[in-house]
Amino acid sequence: MSELLLLLGMYGLVGILFAIPFVLLGVRSIDPAASQGTVGFKILILPGCVLFWPWLLARWIRRKPPSEEWSAHRQGASGKAGRKGE
Amino acid sequence: MSEDPFFIGWEASPERQTSSWRISLWGSLVLCVMLGLLLAGLQTNPGKGIFAFGEIHRYRGLLISDPVPFLVSKESGGHVYLLVNPLKYGFSVDLAREHHLQQVSLQGSLIDDGRNGMIEVFPGSISNELGSGEVPRPALSSAGTHLQLRGEIVDSKCHLGVMNPGRFKPHRACAIQCIAGGIPPMLVVQTSNGALRHYLLVGPKGETINQTLLEFVAEPVSIRGTYRTIAGLHLLYADPNSIERL
Amino acid sequence: MAVSYQAVGWNAFKKRYDTIMASGIVAFLVSFVGAGSFLHPEMSLEILLMRGIGVSAFLLLHLILVIGPLARLDRRWLPLLYNRRHMGVTLFLLAFAHGVIATLTYHVGSDMNPILSVFTTDAGARMTAVPFQAFGFLALAILFVMASTSHDFWLANLTAPLWKTLHMSVYLAYGLLIAHVVFGVLQAERSPVYPLLVGLGILAVAGLHLLSGWRGRDLDRSPAFDEKSGYLAICRVDSLVENQPLGAIVNGERVAVLRYEGDKVSCVSGVCQHQNGPLAEGRFVSGCLTCPWHGYQYRPADGTSPAPFTERIPTFDVRIEAGMVWVRSTSNPAGTYTVPAAIDHVRGGRLNE
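Residues numbered from 1 in each chain as written. Chains lettered and ligands numbered in written order. Predicted model: local features only at pLDDT ≥ 70, side-chain atom pairs only at ≥ 80, totals over all residues.

Chemist: What is the right way to read the overall build of chain C from this model?
Modeler: Summing up its helical and strand segments, chain C has 10 helices and 12 strands in all. Taken across its 353 residues, chain C has 47% of its residues classed as buried. Restricting the contact set of chain C to residue pairs at least 6 apart, pairs at least 24 apart contribute 56%. (Helix = DSSP H or I, 4+ residues; strand = E, 2+ residues; numbered from the N terminus. Buried ≥ 20, exposed ≤ 12 C-beta atoms within 10 Å, placed from the backbone. Contact = placed C-beta atoms within 7 Å.)

Put into structure tokens, the structure is as follows:
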């Protein structure tokens, strides 16, 4: 039990070390909408970055933008994405 | 439906709906205040002990280490104070033995529920005090009475005033930590007229049985043992094998 | 919705909303602590505060949980839903304060690590000794995950379905907190009002969810499918109310069929890209189908948000035949323009392609 606590503590510590450079530099390379994010925005997403650091780190390395959501209508759409014009 | 209410948050202009805003604000305020009063008012009486946290006084008297560490005071007419350490720790067993039956001076904060007094001893403040006006050694009532009692095991420190309420389920973990840390365990017995009686729990030979009691803390239990008093303290020399959950 | 992220997209409504919420919480805490210390002057202040904050968090959680079904049952509750996430974050902050005070009071000061103590000290299997603090701690952990991912950045990056699933864990937290309260403070308090109120709370949350689910059951029936054409018969043309979409299940998910600008009929996926809100319960406002939850907008013909916004949802081909609205069972990719079907007013609707 105490080993588990230690493990969780270490995960959190690495997360904190990761989160600060991530919100300052990394976040804009995975989400274009974050490139002009305000300071308040960066502070608000910090706790989540500590929580999800392995996933965000993997995306930061691959510069992977947000994927499209999975839903029956989006996955089952006919043909390739693109507009037929307006 | 002639009216089709559809709300768009970013478009809503509260300036035009001042009356509904006022009603929401005052309505929720009144509701919250009433709920606060109701839910606070219905709470069970938490107990009436006090803990003079941060107020450190000097106490002088005779230190007794067995069966629980206590001080028979010199000043306040032989008043008896149980001794404990800060936080969730009992008074040091070694220190109590070292000063057993000696006139001492110590500093600490008072814990008192009106009948039982206790001192949270300031670490390192105890010293021998030689001189006049020695306090006589109190006698243990010789013939004990055999009793079977029903009540709840708590730690004496919290229950006598450090925490009000210092009983029941929410306090269970705290009481377990305190008793494990050496604070004298106490049986709280509710009499038929609702009054509470307190019995400090020790083993059949006056030894500490704190570790044995941990699994029974803050539950209704029945205990058999021999009742004795010393210097006004009520003690139950309990048989740990007799404890039953009710 | 925001093109660039900011901390909070403040508007006049959100400010009023937060003012009411904050003043309600402060009023509750002041009256609880005030009445408590007046009636029980000996009560430890930390315990009184812990209880007041804990009760306010528990009440707020009930409010949060009933807003959804209430808004479904009666649209006049929708404004409460609009800024619900501020309530959620506030709930976490209150619960956190409660947890910190409880841990400091009951677990700090012994040889054991306080967090470890929360999980081990009061563990037991009997009714009078069932652990309760561990339940509270786990619920707090869930609330932390939810509060820390409440910003739209997380919604966009986790994608709405995943984000929603994550935030559905509020029901797990609710269950844990019921156990926390029932096996905790209810074992100590003697007034029957407390268990009565907890019971009423559970009834309200469960009852309203069941009721709104039962009311919405018609929406979740699949319409008749014509295999030859690949189209589904959704409804009669004359049953469509202008500017009010109609929901139906197509391809396992809800669509919104909308009659607008007089004689046009379009169909888009009924799942808003933001929080997967129920577009079929929205309205056609200023040229766009508007989500009832947070006002996200999509043009009915191409399922695209007007510039500068970038949200896009799948569209469906629609045709009108013999007075019936038919929707193609296969969706078009998000943002695809489809020609709206036109209602022939003279003959009450005919084939139009």
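Chemist: Any chance you could explain the arrangement of the chains here in plain terms?
Modeler: Most contacts, when the two pairs of chains in contact are compared, are made between chains B and C. Nowhere do chain A and chain B come into contact; their C-alpha atoms are at least 17 Å apart.

Chemist: Help me out: how do you make sense of helix α4 (residues 84-106) of chain C in this one?
Modeler: In an α-helix, one full turn covers 3.6 residues, which means residues spaced three or four apart are oriented alike. With 23 residues, α4(C) extends 32 Å between its outermost C-alpha atoms, agreeing within 8% with the 33 Å of an ideal straight helix rising 1.5 Å per residue. Among all positions of α4(C), only C:Arg85, C:Met87, C:Leu91, C:Phe92, C:Leu94, C:Ala95, C:His98, C:Gly99, C:Ala102, C:Thr105 and C:Tyr106 are buried. Tucked into the core, α4(C) has its buried residues touching α4 (172-180) of chain B together with α1 (12-39), α2 (45-73) and α6 (133-148) of chain C. (Expected span 1.5 Å × (residues − 1).)

Chemist: Help me understand the confidence of the model for chain A, please; the structure alone is not making it clear to me.
Modeler: Parts of the model with low pLDDT should not have their predicted coordinates read in detail. Residue-level pLDDT values for chain A average 88, and 91% of them are 70 or greater. In this model residues 80-86 of chain A is a low-confidence stretch, pLDDT under 50, and it forms 13 contacts with partners more than four residues away in sequence or in other chains. (pLDDT = per-residue confidence, 0-100.)

Chemist: Which parts of the structure should I look at to understand the interface of chain C and chain A?
Modeler: The figure often quoted for interface size is the accessible area lost as the parts come together. With 37 residues of chain C at the contact, the number on the chain A side is 35 residues. Mapped onto the side of chain C that touches chain A, the elements with two or more residues apiece are α5 (114-120), α6, α7 (152-158) and α8 (160-167) of chain C.

Chemist: It is not clear to me how helix α1 (residues 18-41) of chain B should be interpreted in this structure. Could you clarify?
Modeler: Here α1(B) spans 34 Å end to end across 24 residues, near enough to the 34 Å set by a 1.5 Å rise per residue. Residues of α1(B) that are buried: B:Cys32, B:Gly36, B:Leu39 and B:Ala40. Elements in contact with the buried residues of α1(B): α1 and α2 of chain C.

Chemist: Just to check I follow, could you spell out the packing of α2(C) against helix α9 (residues 170-182) of chain C for this structure?
Modeler: What describes two packed helices is the angle between their axes and the distance between those same axes. All names here are of chain C. Between α2 and α9, whose axes approach to 12 Å, the crossing angle comes to 150 degrees. Both α2 and α9 take part in a crossing whose hand is left-handed. Mapping the contact onto sequence places Phe58, Leu61 and Leu65 in α2 and Tyr174, Leu177 and Val181 in α9. Per-class residue counts for the contact of α2 with α9 are six nonpolar, no polar and no charged. (Axes fitted to C-alpha atoms, helices over the stretch in contact; angles between N-to-C directions. Left-handed = near helix turned anticlockwise from the far one by under 90°. Nonpolar A, V, L, I, M, F, W, Y, C, P; charged D, E, K, R; others polar.)

Chemist: How do you make sense of the interface of chain B and chain C when you look at a structure like this?
Modeler: Residue-level contacts link 48 residues of chain B with 52 residues of chain C. If you tally residues by element for the side of chain B that touches chain C, the top one is α1(B), at 13 residues. Across the side of chain B that touches chain C, the residue classes break down as 27 nonpolar, 15 polar and six charged.

Chemist: Looking at this structure, I do not really get the pairing of strand β2 (residues 57-64) of chain B. What am I missing?
Modeler: Residues in a regular strand project their side chains so that they alternate between the two faces of the sheet. Residues and elements named next belong to chain B. Of the strand pairs in this sheet, β2 and strand β5 (residues 102-112) are connected by seven bridges, and their pairing is antiparallel. Bridge assignment links Gly61 to a residue of β5, and that residue is Val104. Inspection of the sheet shows β2 paired to strand β3 (residues 70-73) by four bridges, in the antiparallel sense. Pairing of Gly61 across the sheet is with Ser73, part of β3. The antiparallel pairing of β2 with β3 creates a hairpin that spans five residues between the two strands. (Pairing = 2+ DSSP bridges.)

Chemist: What's the story with the domain arrangement of chain C in this structure? I'm lost.
Modeler: Residue and element names in this part refer to chain C. As assigned here, chain C comprises domain 1 (12-217) and domain 2 (224-342). Computed from C-alpha coordinates alone, the two centres of domain 1 and domain 2 are separated by 38 Å. Taken residue by residue, the interface counts seven residues in domain 1 and seven residues in domain 2. At the level of elements, α3 (78-82) and α8 are the ones that each hand at least two residues to the side of domain 1 that touches domain 2. (Domains from an automatic or database assignment.)

Chemist: Looking at this model, I keep getting lost on the sheet that holds strand β6 (residues 283-285) of chain C. Mind explaining?
Modeler: Within a sheet, neighbouring strands are paired by backbone hydrogen bonds and run either parallel or antiparallel to one another. All names here are of chain C. Read across the sheet, three strands follow the order β6-β7-β8 without closing on themselves; strand pairing throughout is antiparallel. One side of each edge strand has no neighbouring strand; the edge strands of this open sheet are β6 and β8 (297-298). Relative to strand β7 (residues 288-290), β6 runs antiparallel, the two being bridged by three bridges. Looking at the pairing, Val285 lines up with Cys288 of β7.

Chemist: Mind showing me how you'd approach the nonpolar core here?
Modeler: Soluble globular proteins tend to pack their nonpolar side chains together in the buried interior. In terms of nonpolar packing, the biggest core is built from 102 residues, with B:Leu201, C:Leu91 and C:Leu143 touching the most fellow members. The element contributing the most residues to this core is α2(C), with 12 residues. In this structure, B:Leu201 is in contact with B:Ile153, B:Pro185, B:Met186, B:Leu187, B:Ile209, B:Leu213, B:Leu236 and B:Ala238, ignoring residues within four places of it in sequence. In this structure, B:Phe7, C:Val237, C:Val250 and C:Val327 belong to the second largest nonpolar core, which totals 45 residues. (Core = buried A, V, L, I, M, F, W, Y, C linked by C-beta atoms within 7 Å.)

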